[in-house]
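# Structure at a glance
These are the residues of each chain, in order.
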Amino acid sequence: MIPLRSDPPPPTADAVVIGGGVNGLSTAYELARRGLRRVVVIEQGYLGSGSTGRCGGGIRQQWTTEANVRMAQESVEIYEELSAELGYQTFFRQGGYLMISENEADRPAMQKAVELQNRCGAPSHFLEPRDCLEIVPQLDITRVRAASFCPKDGTAYPFAVVWGYARAAQRRGVDIRIHTRVTGIRAEGGRIREVVTERGSIATPVIVLAAGPWTKSLAAMVGVQLPNWQERHEIMVSEGIKPCLNPMVISITNGIYFSQSMRGELVGGIGDPDEPHWTDPRDFDTRCQLRFAVRFARALTAIFPPARPLRLMRQWAGMYDMTPDHRPILGGVPDLQGYHHICGFSGHGFMLAPIAARRMAKLITTGQPDDIIDSLRLSRFAEGGIETDHFVVG
Amino acid sequence: MTNPHECMLCRCEDVTLAEFRAAFKEGFTEFESLKRYTGVGTGFCQGKGCLAEAAVELARLRGVAPAEVSLTNIRPPAATLTFSELAALPLTPLIGDSRPDAGDKPAGKEAR
Amino acid sequence: MGAATPGTVTILFEGRDLSVREGTSVAVALWEKNVRVLSHSPKYGHPRGLYCARGHCTSCLMRIDGVPNVRACETPVRDGLRVQRQDPGAFYGRPLQRVMAAAGQVFPVGFYYKWFTRPAWLSRCFLRLIRPLTGVGRLPDRGASSGPAAGVGEPASDGAAAASLARRDLGLFDCVVVGAGAAGLVAAAHASGRALLVDDHATLGGQRRGALDAVAAALGQDLARLPVLAGAHATLSRAAGLQPRSGLGLALGGVIVGAYEPDLLLLRDQRGLSLLRTRRLVWAAGALDASGGFAGNDRPGLLGPRGLYRAVTRDGLRVEGRRALVTGVGLDLWLAAALLHARGAKVVIAPSEPGWPEELKAAGALGWTVHAGLRVEEATAGGADIELRLGPPGGDARTRVRCELAVICARGKPAYDIPYQLGARLILDESRGGYVPREADRVESRLPGGLLLTVTGEAAGLPPGAVLAAAQR
Ligand SMILES: Cc1cc2nc3c(=O)[nH]c(=O)nc-3n(C[C@H](O)[C@H](O)[C@H](O)COP(=O)(O)OP(=O)(O)OC[C@H]3O[C@@H](n4cnc5c(N)ncnc54)[C@H](O)[C@@H]3O)c2cc1C
Ligand code: FES
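None of these values were measured; they are calculated from a predicted model. (Residues numbered from 1 in each chain as written. Chains lettered and ligands numbered in written order. Predicted model: local features only at pLDDT ≥ 70, side-chain atom pairs only at ≥ 80, totals over all residues. Heavy atoms only, no water.)

With that settled, consider the pairing of strand β26 (residues 426-429) of chain C. In β26(C), alternate side chains face the same way, and those of Leu426(C) and Leu428(C) on one face and Ile427(C) and Asp429(C) on the other are all buried. Here β26(C) folds back onto strand β27 (residues 434-437) of chain C in antiparallel fashion, the turn holding four residues, of which Gly433(C) has a positive phi close to 90 degrees. (Buried < 20%, exposed > 50% of the residue type's maximum accessible area, 1.4 Å probe, protein only. Helix = DSSP H or I, 4+ residues; strand = E, 2+ residues; numbered from the N terminus. Pairing = 2+ DSSP bridges.)

Negative phi characterises most residues that are not glycine, and trans characterises most peptide bonds. Pro119(C) follows Arg118(C) through a cis peptide bond whose omega is -10 degrees. By the secondary structure assignment, Pro119(C) is in the loop between α3 (111-114) and α4 (120-130). Of note, the phi angle at His326(A) is positive, near 60 degrees, even though the residue is not glycine. When you line up the elements, His326(A) lands in the loop between β17 (311-322) and β18 (329-331). Phi angles above zero are rare outside glycine, and Glu14(C) is one such case at about 50 degrees. Structurally, Glu14(C) is set in the loop between β1 (8-13) and β2 (16-21). With relative accessibility at 36%, the residue Glu14(C) sits in the partly exposed group.

On to helix α3 (residues 107-120) of chain A, then. All names here are of chain A. Over its 14 residues, α3 runs 20 Å from end to end, which matches the ideal 20 Å to within 8%, given 1.5 Å per residue. Contact partners of the buried residues in α3: α2 (66-86), β4 (97-101), β5 (125-127) and β6 (146-150). Backbone geometry just downstream of α3 places Gly-121 in the positive-phi region, at approximately 105 degrees. (Expected span 1.5 Å × (residues − 1). Contact = heavy atoms within 4.5 Å.)

Here we take up the packing of helix α1 (residues 22-33) of chain A against helix α8 (residues 349-366) of chain A. All names here are of chain A. Following both chains from N to C, one finds α1 and α8 inclined at 35 degrees, their axes separated by 8 Å at the closest point. For α1 against α8, the interelement crossing comes out right-handed. Residues Val-22, Asn-23, Ser-26, Thr-27, Glu-30, Leu-31 and Arg-33 of α1 form the contact with α8, whose participating residues are Gly-349, Phe-350, Ala-353, Pro-354, Ala-356, Ala-357, Arg-358, Ala-361, Ile-364 and Thr-365. Classifying every residue of the contact of α1 with α8 by side-chain character gives nine nonpolar, five polar and three charged. (Axes fitted to C-alpha atoms, helices over the stretch in contact; angles between N-to-C directions. Left-handed = near helix turned anticlockwise from the far one by under 90°. Nonpolar A, V, L, I, M, F, W, Y, C, P; charged D, E, K, R; others polar.)

Let us look at the interface of chain B and chain C. Chain B puts 60 residues into the contact, and the matching count from chain C is 71 residues. Summing both partners gives a buried area of about 5500 Å² for chain B against chain C, and 57% of it is carried by carbon and sulfur. Counting across the chain B and chain C interface gives eight salt bridges. Where chain B touches chain C, the interface holds 25 residue pairs in polar contact (both at pLDDT 80 or more). Listed by contribution, the elements that provide at least two residues to the side of chain B that touches chain C are α1 (17-25), α2 (31-38), α3 (51-62), β3 (81-82), α4 (83-87) and α5 (95-98) of chain B. The element best represented in the side of chain B that touches chain C is α3(B), accounting for six residues. When the residues that make up the side of chain B that touches chain C are grouped by side-chain class, the tally is 31 nonpolar, 14 polar and 15 charged. (Buried area = accessible area lost by both parts, 1.4 Å probe. Salt bridge = Lys/Arg side-chain N within 4 Å of Asp/Glu carboxyl O. Polar contact = N/O pair within 3.5 Å; in protein donor to acceptor, adjacent residues only side chain to side chain.)

Two elements in contact, α2(A) and α4(C), have axes separated by 8 Å at closest approach and are oriented at 100 degrees. Between α2(A) and α4(C), the crossing angle belongs to the class labelled roughly perpendicular. Side by side, α2(A) and α4(C) meet where Glu80(A), Glu81(A), Ser83(A) and Ala84(A) of the first sit next to Ala120(C), Ser123(C) and Arg124(C) of the second. Looking at the contact of α2(A) with α4(C), its residues break down into two nonpolar, two polar and three charged. (Parallel < 35°, antiparallel > 145°, perpendicular 65-115°, else oblique.)

Right, let's talk about the sheet that holds strand β20 (residues 369-370) of chain C for a bit. Residues and elements named next belong to chain C. The sheet built from five strands is open, its strands ordered β17-β24-β18-β19-β20 with parallel pairing. Edge positions in the sheet fall to β17 (302-303) and β20, since each has one partner strand and no second. Helix α10 (residues 330-342) contacts β18 (323-328), β19 (346-351) and β24 (405-409) of the sheet and is inclined by roughly 170 degrees relative to β19.

This brings us to the interface of chain C and chain A. Taken together, the contact pairs 41 residues of chain C with 42 residues of chain A. Carbon and sulfur atoms supply 58% of the area buried between chain C and chain A, which totals about 3300 Å² over both sides. Of all residues in chain C, the largest losses of buried area upon contact with chain A belong to Tyr113(C), Arg131(C) and Leu139(C), amounting jointly to 24% of the total for that side. At the surface where chain C touches chain A, the tally comes to one salt bridge. One salt bridge connects Arg287(A) with Glu261(C), and the closest N-O pair in it is separated by 2.9 Å. At the boundary of chain C and chain A, one finds 17 residue pairs in polar contact (both at pLDDT 80 or more). Elements represented by at least two residues in the side of chain C that touches chain A include exactly β6 (67-71), α3, α4 and β13 (264-269) of chain C.

To continue, consider the sheet that holds strand β19 (residues 339-343) of chain A. Residues and elements named next belong to chain A. Read from one edge to the other, the open sheet built from six strands follows the order β8-β2-β1-β12-β19-β18, with strand pairing classed as mixed. Single-partner strands in this sheet number two, and they are β8 (175-177) and β18. For this sheet, the mean angle separating the axes of adjacent strands, direction not counted, is 20 degrees. Where strand β1 (residues 15-18) and strand β12 (residues 207-209) come together, three bridges link them in parallel fashion. Within the sheet, the bridge partner assigned to Ile-18 lies in β12 and is Leu-209.

What follows concerns the domain arrangement of chain A. Residues and elements named next belong to chain A. Here chain A is partitioned into domain 1 (1-93 + 153-228 + 323-394) and domain 2 (94-152 + 229-321). Averaged C-alpha coordinates put domain 1 and domain 2 at centres separated by 26 Å. Taken together, the two surfaces of domain 1 and domain 2 that pack against each other cover about 3400 Å², and 60% of this comes from carbon and sulfur. Run the count over domain 1 and domain 2 and you get zero salt bridges. At the surface where domain 1 touches domain 2, the tally comes to 17 residue pairs in polar contact (both at pLDDT 80 or more). Mapped by element, the contributors of at least two residues to the side of domain 1 that touches domain 2 are β3 (58-59), α2, β7 (154-155) and α6 (215-220). For the side of domain 1 that touches domain 2, the element with the highest residue contribution is α2, accounting for six residues. Residues of the side of domain 1 that touches domain 2, tallied by class, amount to 16 nonpolar, 19 polar and eight charged. (Domains from an automatic or database assignment.)

Right, let's talk about the pattern of salt bridges for a bit. Any two side chains of opposite charge can pair, so long as their charged atoms come close to each other. Residues and elements named next belong to chain A. Evaluated as defined, the whole model comprises 76 salt bridges over all chains. Across the pair Glu-128 and Arg-107 runs a salt bridge whose closest N-O atoms are separated by 2.8 Å. With Glu-128 in the loop between β5 and α4 (132-135) and Arg-107 in helix α3, this residue pair connects regions lying 21 residues apart in the sequence. Its relative accessible area of 26% is what places Glu-128 among the partly exposed residues. The salt bridge partner of Asp-272 is Arg-295, with a shortest N-O separation of 3.8 Å. Note that Asp-272 is positioned in the loop between β16 (265-270) and α7 (290-303) and Arg-295 in helix α7, a separation of 23 residues in sequence. Overall, Asp-272 belongs to the buried group, its relative accessible area being 15%. The structure contains a network of salt bridges with shared partners spanning Arg-70, Glu-74, Arg-359, Asp-370 and Asp-371.

Turning our attention to the site of ligand 1. Residues and elements named next belong to chain A. Taken together, 38 residues sit near ligand 1, with Asn-23, Glu-43, Thr-52, Val-182 and Met-351 positioned nearest. Interatomic distance of 2.9 Å between a backbone N/O atom of Gly-58 and a nitrogen atom of ligand 1. Relative to its unbound accessible area of 1000 Å², ligand 1 is 97% covered by the protein chains. When contributions to the shell around ligand 1 are tallied by element, the ones reaching two or more residues are α1, β13 (229-240), β17 and α8. Taken together, the residues of the shell around ligand 1 sort by class into 16 nonpolar, 19 polar and three charged. Two domains each donate at least three residues to the shell around ligand 1, and these are domain 1 (1-93 + 153-228 + 323-394) and domain 2 (94-152 + 229-321). (Near = heavy atom within 4 Å. Areas by Shrake-Rupley, 256 points an atom, 1.4 Å probe, with all protein chains shown as cover.)

This paragraph deals with the side chain of Ser148(A). Positionally, Ser148(A) belongs in strand β6. Leave out the neighbours within four places in its chain, and Ser148(A) touches Gln62(A), Tyr97(A), Leu98(A), Met99(A), Met110(A), Val114(A), His125(A), Phe126(A) and Leu127(A).

What follows deals with the packing of aromatic side chains. Residue and element names in this part refer to chain A. Enumeration according to the criterion identifies 27 aromatic pairs over all chains in this entry. Ring centres 5.8 Å apart and planes at 45 degrees place the aromatic pair Tyr-79 and Phe-350 in the tilted group. Highlighted residues: Tyr-79 in helix α2 and Phe-350 in helix α8, separated in sequence by 271 residues. For the pair Tyr-79 and Phe-350, a shared accessibility class is recorded, and that class is buried. Seen from their ring centres, Phe-258 and Phe-304 are 5.3 Å apart, and the 50 degrees between their planes marks the pair as tilted. (Phe/Tyr/Trp six-rings, centres within 6.5 Å; stacked < 30°, edge-to-face > 60°.)

Turning our eyes to something else, we now look at empty space enclosed by the protein. Scanning the entire structure with this criterion turns up eight cavities of 30 Å³ or more. The volume enclosed by the largest cavity comes to roughly 250 Å³. Looking at the largest cavity, it is lined by 22 residues, and the ones nearest its centre are Gly49(B), Tyr51(C), Cys52(C), His56(C) and Asp289(C). Of all the secondary-structure elements, those providing two or more residues to the lining of the largest cavity are β1 (8-10) of chain B together with β16 (287-288) and α9 (305-313) of chain C. Among the residues making up the lining of the largest cavity, the classes are represented as ten nonpolar, six polar and six charged. Here the lining of the largest cavity gathers at least three residues from each of two domains, domain 1 (8-84) and domain 3 (165-204 + 241-288 + 413-472) of chain C. In this structure, the second largest cavity occupies an estimated 80 Å³ of space. Lining of the second largest cavity is provided by 13 residues; of these, Phe44(B), Lys48(B), Ala78(B), Ala79(B) and Thr80(B) occupy positions nearest its centre. Residues of the lining of the second largest cavity, tallied by class, amount to seven nonpolar, four polar and two charged. (1 Å grid on protein atoms, 1.4 Å probe; cavity = no way out; pocket = protein on both sides within 12 Å on 5 of 7 lines; lining within 4 Å. Points joined across faces, edges and corners; volume = space filled by probe spheres on them.)

Rendered as structure tokens:
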């Protein structure tokens, strides 16, 4: 990587990407790959300091809406080649995702989801509880009522993906500024004109808001109202032990998920239904809670008993950027030229970033309509008839 | 002179002084990224053995006063706790609820 | 298992019976049996041995009774205890690690991010190849207990368990003092309301109390010849005799193992883990040993002074007739040397800084070998021994000392994790030896969550001499 700078940004650019998370950096990389010169990325902290650096690195195709399945599938195809493409090891490993339910009543829904996934071409299958033991021998299957498995799902190391995209983008001339906060965006005559940072302004015709949980407040600067809200989600790692768990295990009943990283640690989290919904960044509170450690430990020791004497090494919290249908918001808005957002990933923006970025870059550089981006346009909420994905857990 | 390849900066993760310096030269000039790239401070002791030393070295590399190198995140807990120990604890309320000044939020409390 | 001789127990070390002294820790018991290597480091396979003796570092992680990564320094020996070394390099073997260690310059840092990424199939093969190398220790044996440190039952799910849960919540305190050294004792004597004093030692007086008592008992009249120790002993004994207010709770042998904003603390003691809340925290947890920045600073046989005090006074480490080097600076230099002397070791002392005229005289009289004005430049292992190359600052390192134990007395690093996790703002202050609160000199500061915090003593970066002087007043 070329040492990252924090001095005043260039006065002009062809495009400014706000946010140095996985979505911002992959979009900048894809824009440069499509030949856009003078792309600038502005990040207020260090690379990956937002949700990306907090995330579990899970990548799965097991969803209940066609758009999510298709996007995830295309993303997996990119991830399979990404280390080679970027010349950077992303530690993408396809150990599969084992989804379990402790509810008899979930069986039909899981079967239906598998059918949809298979129709889209994802190689998932429905499992009886005892079959889970072939995938995770240590699982306490007395609790499991239904399960599905997709061997092509997997995990990658978020920071490696971030650094890989950053390095590849830099090689194509992208200028990345860290520790530089965007404080304003100026539009005039229905066009984006300028991005204002704490270290100077950049005149630009194109902006991409990829600021994760902060996107909503940035969009508001140019009058775009996003329906997003933000939630705290905590996650932890255990000590590293020799490989013993191949897939990511995730329960749609209580929301626990855990996998084993390439460093041997168990990495996992559990959602908390009592967490408040935030819409104002001043409320964001990502301090850690004992409550999470206790809830996670209870759920983990119940479903994966050999973890009992293992140790929790550290825990942290990050933000999910949620939308009403739990699906991302991509594209632009009709009456503001040069404006784009890539946000609202509802806790699965790491896995969808490669494809979201690729399609966004194509839209920005060619202006050609894109079916997936169109289905994820902001106006869908006003138009009604939205379809919610039910497998947002964790 | 001490050979930096033989001087262990982080015992848990086996990171030598030379490796830390090399990562800095490579472009990881800031503590959070250095930590994740080299592994310094992410071992079993969670940095008790190395973070202060690493920060002093980073200040030297950057040519700034140590006080200007901000502390990297050290996350709870402060010692290793087994999952069965944790599972046996009572559930505490959500963090916002247990604060004495829960109603009054002067500024965002961001993750550090 | 053969019939044990009195005072011994038989552990199963690497599959073989080993008779060891009763009443000590696994790490110390093995040291006394000349087992110096307890683990190997994860990447380079460096041998590691007893180091912090306090459950802080990774050097003594072993598989004990089927549980991976258990600290041998914190595990008491007992008949039939199964103790095994873990081998992080086991998959491809130590030879590969040796190559890596030898070729450290050839494998640049982070090479695994950059090498073997193209084409995609090679990158996949590479991942498959390196995955078995990751992690230390294997999954716990089926039915393994929760591990020696835990000792807590199963998750609570029903009414009976709910009662046991209640006992784990100790409620709200007006003041919690962490650390019962000189600074903590003074603070505890003034604590008001419902207060608790926590220390991981079994007695009051902090990290040096046991060592000072042992030295005073052994040297008798001769203690006066080491003024630095005589003064410290007098002050600490007085502080430990301070009458704490009635109503002060004591949690000796307890450790604060976690802190959560705004005011939650996790305490681990003999009864297991409990949680408590407090309005005021006095952080007087002292300092940690610093390893020193010289080549070979992770060799087995190297210890910090605090590690030595614990190993000797808590675990009874036997050093009679063993050759031990003590080098470095400060009060600990003399205390460590005197403690080793008191326990019959052959002491070599190498003060790195000028000064100590009285003490140097005493050292000669006590029969210690003295190398004044030298610092460690390099440590190399040689069988059960460790060899140190010492030299004057900036000069040629010509002096070599071979010994079984080398105590490096660097300036201690203030302990800071709990205040940090409660939201204290810290800065790196080299003159204080590490991280201290920005407001370290202030008597009290209010943390964002409302908690009142005082950081004092060595945890505030004061040298031990200054802490004792303050306690004397
Ligand atoms: C605990 C947890 C676990 C997760 N697990 C998974 C998982 O397993 N799989 C998965 O796919 N997803 C997961 N996610 C979700 C995933 O992390 C996010 O969807 C994804 O990282 C979003 O990336 P992003 O680049 O859009 O946003 P971010 O990574 O948040 O990046 C936005 C960046 O913008 C910067 N920024 C904000 N405002 C400004 C400003 N004014 N000026 C300059 N810069 C600014 C921020 O500092 C930040 O770095 C998880 C999330 C959490 C919290
Ligand atoms: S010494 Fe670096 S994490 Fe333990």
